[in-house]
Amino acid sequence: MSRYWSSIVSKLDPYVPGEQPKVSNLIKLNTNENPYGPSPAVLKVLHDEATDVLRLYPDPNADALRSAIADYYQIQPTQVFVGNGSDEVLAHTFQALLKHKQPILFPDITYSFYPVYCGLYQVEYVTVPLTNTFQIDWQDYIRPNGGIIFPNPNAPTGCGLPLSTITKLLEKNTESVVVVDEAYIDFGGESAVSLIQQFPNLLVIQTLSKSRSLAGLRVGFALGNEKLIEALERIKNSFNSYPLGRLAIVGAVAAMRDRHYFEETCKKIITTRERLAENLTGLGFEVLPSQANFLFVRHSKKDASQLSQALRRHSVIVRHFARERIDQFLRITVGTDQECDRLVAVLKTVVG
Ligand SMILES: *Cc1c(COP(=O)(O)O)cnc(C)c1O
């Protein structure tokens, strides 16, 4: 606290990101980054763009990227908003579309940035408990609300909802915006992008951080009805005209165009995930069904926090949330086969 702080700063309860260690010899399975590098096509355009042109501001509307994303999903560029990571897109969404008189709804166990944005923008919220098998029950959301937001697949559980369920929710909830945060959709989930023409209150948010291996570039986007996109543009142009730099724009365009590399890396991660799930089950872990690039697991006999510390001593880092209902779980990012084998070998010595 300081007397120079505004009253809002004193009241904030900021998000704590997963550790980004400064040493390089760790097996890093704690923040759901992609174990494979970005597409070679991305690295080439980044190199080509690193010239004197960087003295000039980038295109404030990032039109080339909006078009590349629109092409990928066969929608209009006016249905696309881009931002500096999907966290920024989410922040604008809370301010532009989720702040109303009634509280918004999101799961009790979900992306922990949502309550942080509510604190920042003073959005009222009510959390809706997951079922006892850690699933979202869409019928729990059918009640008056100022908006609904959830990740699909959910984080940190990895559990996904089928498109038919999201359709039912949208059919019943027409008076407020429904935001589907699809940070992990490319690892086996069903995207709701196909529903944006039909439902003017649906906003789908995605990121290039996970499935396109570009967490370090900071690019995310939202897809939805033009009027929703316009609201986000109005906030963006009242906040930062140039959220994406030249490198981010060209790199993201190349990433969206290289479908082959993207599909291959997603496939590899899904294969490794299934193999890792089997190995962990064999060691006595309960593994929630995952459609993401991570597994959420617990052991019937070993304390999660102690397991996480034991892994750490063996240079493997995973994420443990000391939060009610999930404090006996570990969230483990799917790495390469080799990294996952190392994790399993260490766990074998600890639980075996
Ligand atoms: C990783 C993640 C994000 C943020 O992604 P960035 O684009 O890197 O900001 C958003 N939502 C969920 C659920 C995530 O897990």
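Residues numbered from 1 in each chain as written. Predicted model: local features only at pLDDT ≥ 70, side-chain atom pairs only at ≥ 80, totals over all residues. Heavy atoms only, no water.

Some points on the domain arrangement of the protein chain
Considered domain by domain, the protein chain is made up of domain 1 (9–37 + 260–351) and domain 2 (40–258). Taken together, the contacts link 33 residues of domain 1 with 35 residues of domain 2. Between domain 1 and domain 2 lies a buried interface of about 2,700 Å² when both sides are counted; carbon and sulfur atoms form 61% of it. One can count 1 salt bridge joining domain 1 with domain 2. Scanning the region where domain 1 abuts domain 2 turns up 13 residue pairs in polar contact (both at pLDDT 80 or more). Looking at the side of domain 1 that touches domain 2, the elements that each hand over two or more residues are helix H9 (259–282), strand E10 (294–299) and strand E12 (329–333). With 8 residues, H9 is the single largest residue contributor to the side of domain 1 that touches domain 2. Residue composition of the side of domain 1 that touches domain 2, grouped by class: 17 nonpolar, 9 polar and 7 charged. (Domains from an automatic or database assignment. Contact = heavy atoms within 4.5 Å. Buried area = accessible area lost by both parts, 1.4 Å probe. Salt bridge = Lys/Arg side-chain N within 4 Å of Asp/Glu carboxyl O. Polar contact = N/O pair within 3.5 Å; in protein donor to acceptor, adjacent residues only side chain to side chain. Helix = DSSP H or I, 4+ residues; strand = E, 2+ residues; numbered from the N terminus. Nonpolar A, V, L, I, M, F, W, Y, C, P; charged D, E, K, R; others polar.)

Structural notes on the site of the ligand
Neighbouring the ligand are Gly85, Ser86, Asp87, Leu90, Tyr111, Asp181, Ala183, Tyr184, Thr207, Ser209, Lys210 and Arg218. Ser86 places a polar main-chain atom, nitrogen or oxygen, 2.6 Å from an oxygen atom of the ligand. Expressed as a share of its isolated accessible area of 390 Å², the protein-covered part of the ligand is 92%. In this structure the site holding the ligand corresponds to the largest pocket. (Near = heavy atom within 4 Å. Areas by Shrake-Rupley, 256 points an atom, 1.4 Å probe, with all protein chains shown as cover. 1 Å grid on protein atoms, 1.4 Å probe; cavity = no way out; pocket = protein on both sides within 12 Å on 5 of 7 lines; lining within 4 Å. Sits in = over half its atoms within 2 Å of the grid points.)

A look at the environment of Ile205
Here Ile205 lies in strand E7 (residues 202–207). Each C-alpha atom of the pair Ile205 and Asp87 lies 9.6 Å from the other, and the pair is 118 residues apart in sequence. The contact partners of Ile205, leaving out residues within four places of it in the chain, are Ser86, Val89, Leu90, Thr93, Val179, Val180, Asp181, Glu182, Ala183, Phe221 and Ala222.

Some details on the layout of surface pockets
In this structure, the largest pocket spans a volume of roughly 620 Å³. Lining the largest pocket are 30 residues, with Tyr15, Thr31, Asp87, Tyr111 and Lys210 positioned closest to its centre. The dominant element in the lining of the largest pocket, judged by the number of residues it contributes, is helix H4 (residues 85–97), at 3 residues. Counting residues domain by domain, the lining of the largest pocket receives three or more from each of domain 1 (9–37 + 260–351) and domain 2 (40–258). (Points joined across faces, edges and corners; volume = space filled by probe spheres on them.)

Brief notes about the packing of H4 against helix H7 (residues 226–236)
In the contact formed by H4 and H7, the axes pass within 9 Å of each other and the chain directions differ by 105 degrees. Considered as vectors, H4 and H7 are oriented roughly perpendicular to each other. Note on element contacts: H7 touches H4 through Leu228, Ala231, Leu232, Ile235 and Lys236, opposite Val89, His92, Thr93, Gln95, Ala96 and Leu97. Considered class by class, the residues forming the contact of H4 with H7 number 7 nonpolar, 3 polar and 1 charged. (Axes fitted to C-alpha atoms, helices over the stretch in contact; angles between N-to-C directions. Parallel < 35°, antiparallel > 145°, perpendicular 65-115°, else oblique.)

Some thoughts on the pattern of salt bridges
Inspection of the entire model under this criterion finds 14 salt bridges. A salt bridge links Arg246 to Glu49; the shortest N-O distance between them is 3.6 Å. Of this pair, Arg246 sits in helix H8 (residues 246–257) while Glu49 sits in helix H2 (residues 40–49), and the two are 197 residues apart along the sequence. For the pair shown, Arg246 and Glu49 are each scored as buried. A salt bridge links Arg66 to Glu233; the shortest N-O distance between them is 3.8 Å. Here Glu233 lies in helix H7 and Arg66 lies in helix H3 (residues 63–73), a separation of 167 residues in the sequence. Take Arg66 and Glu233: they sit in the same class, and that class is buried. One network of salt bridges, in which partners are shared, links Asp63, Arg66 and Glu233. (Buried < 20%, exposed > 50% of the residue type's maximum accessible area, 1.4 Å probe, protein only.)

Looking at the packing of aromatic side chains
According to the stated counting rule, one finds 16 aromatic pairs in the structure shown. Measuring from centroid to centroid gives 6.3 Å for Tyr72 and Phe262, while their planes differ by 80 degrees, and the two rings are edge-to-face. Placement of the pair is Tyr72 in helix H3 and Phe262 in helix H9, with a sequence separation of 190 residues. Using a relative accessible area of 14% as the deciding quantity, one classes Tyr72 as buried. Phe262 sits in the buried class, given a relative accessible area of 7%. The interplanar angle of 55 degrees and the centroid separation of 6.5 Å between the aromatic rings of Tyr141 and Phe150 together place this pair among those described as tilted. Residue Tyr141 shares its accessibility class with Phe150, and that shared class is buried. Grouping aromatic residues by their ring pairs yields a cluster made of Tyr15, Phe94, Phe106, Tyr111, Phe113, Tyr114, Tyr117 and Tyr125. One residue, Arg212, lies across the ring of Tyr72, its end atom 4.9 Å from the ring centre. The lysine or arginine in question, Arg212, covers the ring of Phe262, its NZ or CZ lying 3.8 Å from the ring centre. (Phe/Tyr/Trp six-rings, centres within 6.5 Å; stacked < 30°, edge-to-face > 60°. Lys NZ or Arg CZ within 6 Å of the ring centre and 35° of its normal.)

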